[in-house]
Amino acid sequence: LVSRKKKSEDTVININGEQIGAGTPTFVFGPCSVESYEQVAAVAASIKEKGQKLIRGGAYKPRTSPYDFQGLGLDGLKILKQISQEYGLAVVTEIVTPAHIEEALDYVDVIQIGARNMQNFELLKAVGETNKPVLLKRGLAATIDEFIHAAEYIMSKGNENIMLCERGIRTYEKATRNTLDISAVPILKQETHLPVFVDVTHSTGRRDLLLPCAKAAIAIGADGVMAEVHPDPSVALSDSQQQMDIPQFNAFYDEIQKFMKQY
Ligand code: PEP
Ligand code: MN
């Protein structure tokens, strides 16, 4: 169902007035984790100032260590909902278990399926049974074929509002946190009719690579770019090494807009 052979036109998903997949790249900025109302509000204000329509932030965090910050859970979703109403931003947030989906439907605009859950088939089927847009991230070591099949799991249950997100894969290379598979973008665009995003934060794990990789993503035809922004990354409860602070976000945004005007 996700195959280009089944449907030749691009799927366009309307979220909060943003036509995702219609030609102009969409941006999803926001903190790695929801930590407090004030923290998310600071980022939301900057996003709104740039005229952007979406915000991300994790309430359920899939962390490597059980002793690391696990997210605020439902309280985090409530913060996101409040921010959404106050700033007019659509919320993109990760859901990690089918048990949380029903509750989350009232709070979120886009359900993110994280890399670690790309092949959590019961979760894929459960989001497939909703009509919420889904941002599906590529698994840490998933082939493109496996990634496409994960999207197929969702669509096979009736939900056609799926966005794919390349977020880097694990290779032997240690210079970056993951290896951004930039060629996945045109392959996914050829093989499927779905919008394709690039997460420049988790793929690189390096603040100095966010802008060049975002340019590469847009140049190669990505429909959207995701990047993490935190008011004070040095005290962030997750991914403190790679989030942009607000002045860095402003500079990133202005540079990428300048770059896009060249096309
Ligand atoms: C995230 O976007 O918050 C995240 C955890 O990313 P990934 O699932 O790609 O590691
Ligand atoms: Mn993160």
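This text gives an overview of the structure that appears in the document. None of the values given here were measured: they were computed from a predicted structure.

### Let's talk about the overall build of the chain
(1) Moving on: A count of helices and strands for the chain gives nine helices and 10 strands.
(2) Moving on: Its C-alpha radius of gyration of 17 Å places the chain within 12% of the 18 Å reference for a compact globule of 263 residues.
(3) Moving on: Principal-axis analysis of the C-alpha atoms places the extent of the chain at approximately 45 × 45 × 40 Å.
(4) Moving on: Of all 263 residues assigned to the chain, the portion counted as buried reaches 49%.
(5) Moving on: When contacts within the chain are restricted to residue pairs at least 6 apart in sequence, those whose partners lie at least 24 apart make up 67%.

### Regarding the pairing of strand S5 (residues 90–94)
(1) Moving on: Burial of S5 is extensive: four of the five residues sit out of reach of the surface.
(2) Moving on: In this sheet, S5 lies alongside strand S4 (residues 54–56) in parallel orientation, the contact comprising three bridges. Of the residues in S5, the one forming a bridge with leucine 54 is alanine 90.
(3) Moving on: Direction of pairing for S5 relative to strand S6 (residues 110–113): parallel, over a ladder of three bridges. Paired with glutamate 94 across the bridge in S6 is glutamine 112.

### Here's the deal with the site of ligand 1
(1) Moving on: In the neighbourhood of ligand 1, the contacting residues comprise Cys32, Gly58, Pro62, Glu94, Gly114, Ala115, Arg116, Lys137, Arg167, Asp199 and His202.
(2) Moving on: Of the residues that constitute the shell around ligand 1, the class distribution is three nonpolar, three polar and five charged.

### Here's the deal with the packing of helix H8 (residues 210–219) against helix H9 (residues 246–261)
(1) Moving on: The interhelical angle for the contact between H8 and H9, taken along N-to-C directions, is 30 degrees, at an axis separation of 10 Å. The pairing of H8 with H9 is recorded here as roughly parallel in orientation. Regarding H8 and H9, the two cross each other, and that crossing is right-handed. Touching Leu210, Leu211, Ala214, Lys215 and Ile218 of H8 are Phe252, Glu255, Ile256, Phe259 and Met260, all from H9.
(2) Moving on: A per-class count over the contact of H8 with H9 returns eight nonpolar, no polar and two charged.

### Considering the nonpolar core
(1) Moving on: Grouped together as the largest cluster of nonpolar side chains are 74 residues, with contacts concentrated most on Leu136, Ala151, Met163, Leu164 and Val225.
(2) Moving on: By residue number, the principal contributor to this core is helix H5 (residues 144–155), which donates seven residues.
(3) Moving on: Contacts of valine 225, omitting those with residues within four sequence positions, involve Pro25, Phe27, Phe197, Val198, Val200, Ala214, Ala217 and Ile218.

### Thoughts on the packing of helix H1 (residues 37–49) against helix H2 (residues 74–87)
(1) Moving on: At a minimum axis separation of 10 Å, H1 and H2 run at an interaxial angle of 35 degrees. The way H1 lies across H2 gives a crossing that is right-handed. Along its contact with H1, which presents Tyr37, Val40, Ala41, Ala44, Ala45 and Lys48, the element H2 presents Ile79, Leu80, Gln82, Ile83 and Tyr87.
(2) Moving on: For the contact of H1 with H2, the per-class residue count stands at nine nonpolar, one polar and one charged.

### Some words on unusual backbone geometry
(1) Moving on: The phi angle at asparagine 16 is positive, at roughly 55 degrees, despite the residue not being glycine.
(2) Moving on: By the secondary structure assignment, asparagine 16 is in the loop between strand S1 (13–15) and strand S2 (18–20).
(3) Moving on: Here aspartate 239, not a glycine, exhibits a phi torsion of approximately 50 degrees, which is positive.
(4) Moving on: Mapped onto the elements, aspartate 239 comes out in the loop between strand S10 (224–228) and H9.
(5) Moving on: Using a count of 19 C-beta atoms within 10 Å as the deciding quantity, one classes aspartate 239 as partly exposed.

### Re H2
(1) Moving on: Over its 14 residues, H2 extends 20 Å from the first C-alpha to the last, a length consistent with the 20 Å expected when each residue adds 1.5 Å.
(2) Moving on: By the burial criterion, the buried members of H2 are Gly76, Leu77, Ile79, Leu80, Ile83 and Ser84. The buried residues of H2 occupy an angular sector of 155 degrees when the element is viewed end-on, so they sit on one face.

Parameters at a glance
Residues numbered from 1 in each chain as written. Chains lettered and ligands numbered in written order. Predicted model: local features only at pLDDT ≥ 70, side-chain atom pairs only at ≥ 80, totals over all residues. Helix = DSSP H or I, 4+ residues; strand = E, 2+ residues; numbered from the N terminus. Rg over C-alpha atoms; globule rule 2.2 N^0.38 Å. Buried ≥ 20, exposed ≤ 12 C-beta atoms within 10 Å, placed from the backbone. Contact = placed C-beta atoms within 7 Å. Pairing = 2+ DSSP bridges. Near = placed C-beta within 6 Å. Nonpolar A, V, L, I, M, F, W, Y, C, P; charged D, E, K, R; others polar. Axes fitted to C-alpha atoms, helices over the stretch in contact; angles between N-to-C directions. Parallel < 35°, antiparallel > 145°, perpendicular 65-115°, else oblique. Left-handed = near helix turned anticlockwise from the far one by under 90°. Core = buried A, V, L, I, M, F, W, Y, C linked by C-beta atoms within 7 Å. Expected span 1.5 Å × (residues − 1). Arc of directions from axis to C-beta.

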